[in-house]
Amino acid sequence: MPYVKDDDGRLNNFAREPKMYQADPMTDSQKRTYLILGIGTAVLVGGLIAVAAIVS
């Protein structure tokens, strides 16, 4: 673990930072997958709200 000494003489212990990398742009198939998952989630939430409204 790397230690840093500040102006008051105290030691601070910091976690090791992960390596940074550039994210790749999404492909068309990934975009399609996210769109399908988003639509499915919206339908599921809408259905749950409808069932809750009907039951109450």
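Look up a bit, the structure's there.
Residue indices follow the written sequence of each chain, beginning from 1 at its first position. Reporting of local features is limited, given that this is a predicted model, to residues whose pLDDT is at least 70; pairs of side-chain atoms are given and counted only at 80 or more, and all residues count toward the totals for whole chains, interfaces and linings. Only hydrogens and water are set aside; all other atoms, that is, all heavy atoms of the structure, feed into the side-chain values.

**Details of the overall build of the chain**
Logical step 1: In terms of regular secondary structure, the chain is built from one helix and two strands.
Logical step 2: Across the chain, helices and strands are ordered from the amino to the carboxyl terminus as β-β-α.
Logical step 3: For this measure, only C-alpha atoms enter the radius of gyration; the expected value for a globule follows 2.2 Å times N^0.38, where N is the number of residues. Whereas a compact globule of 56 residues would reach a radius of gyration of roughly 10 Å, the chain reaches 24 Å, over 25% beyond that.
Logical step 4: Dimensions along the principal axes, computed over C-alpha positions, put the chain at roughly 65 × 40 × 15 Å.
Logical step 5: With the model as given, the accessible surface of the chain reaches about 5700 Å², and the carbon-plus-sulfur share is 63%.
Logical step 6: Charge counting treats Lys and Arg as positive and Asp and Glu as negative, with His and both chain ends excluded. A charged residue contributes its charge at one atom only: NZ of Lys, CZ of Arg, CG of Asp or CD of Glu. Seen as two clouds, the 6 positive and the 6 negative side-chain charges of the chain have centres 7 Å apart. Only DSSP runs of H or I covering at least 4 residues are called helices, and only runs of E covering at least 2 are called strands; the numbering of each starts at the N terminus. The accessible surface values rely on the Shrake-Rupley method and a 1.4 Å probe; as for residues, cover is taken only from the protein chains in view.

**Details of helix H1 (residues 28-55)**
Logical step 1: Multiplying one less than the number of residues by 1.5 Å gives the expected span of a helix. In this model, H1 (28 residues) spans 41 Å end to end at C-alpha, consistent with the 40 Å of a helix rising 1.5 Å per residue.
Logical step 2: With respect to burial, H1 is a largely exposed element, only zero of its 28 residues being buried. Burial status follows relative accessibility: with a 1.4 Å probe on protein chains alone, a residue under 20% of its type maximum counts as buried, one over 50% as exposed, and anything between as partly exposed.

**Some remarks on a nonpolar patch on the surface**
Logical step 1: Like-charged residues are merged into a patch within 9 Å and nonpolar side chains (Val, Leu, Ile, Met, Phe, Trp, Tyr) within 5 Å, provided each residue has over 30% relative accessible area and no salt bridge. Salt bridge, as used here, is a side-chain nitrogen of Lys or Arg placed within 4 Å of a carboxyl oxygen of Asp or Glu. On the surface, a nonpolar cluster with roughly 310 Å² of combined accessible area is contributed by Leu35, Ile39 and Val43.
Logical step 2: Along the chain, Leu35 turns up in helix H1.

**Focus on the pattern of salt bridges**
Charged atoms that come close allow side chains of opposite charge to pair.
Logical step 1: Taken as a whole, this structure holds one salt bridge when the rule is applied.
Logical step 2: Notably, a salt bridge pairs Arg10 with Asp8, separated by 3.2 Å at the nearest N-O pair.
Logical step 3: Look at Arg10 and you get exposed, because its relative accessible area is 51%.

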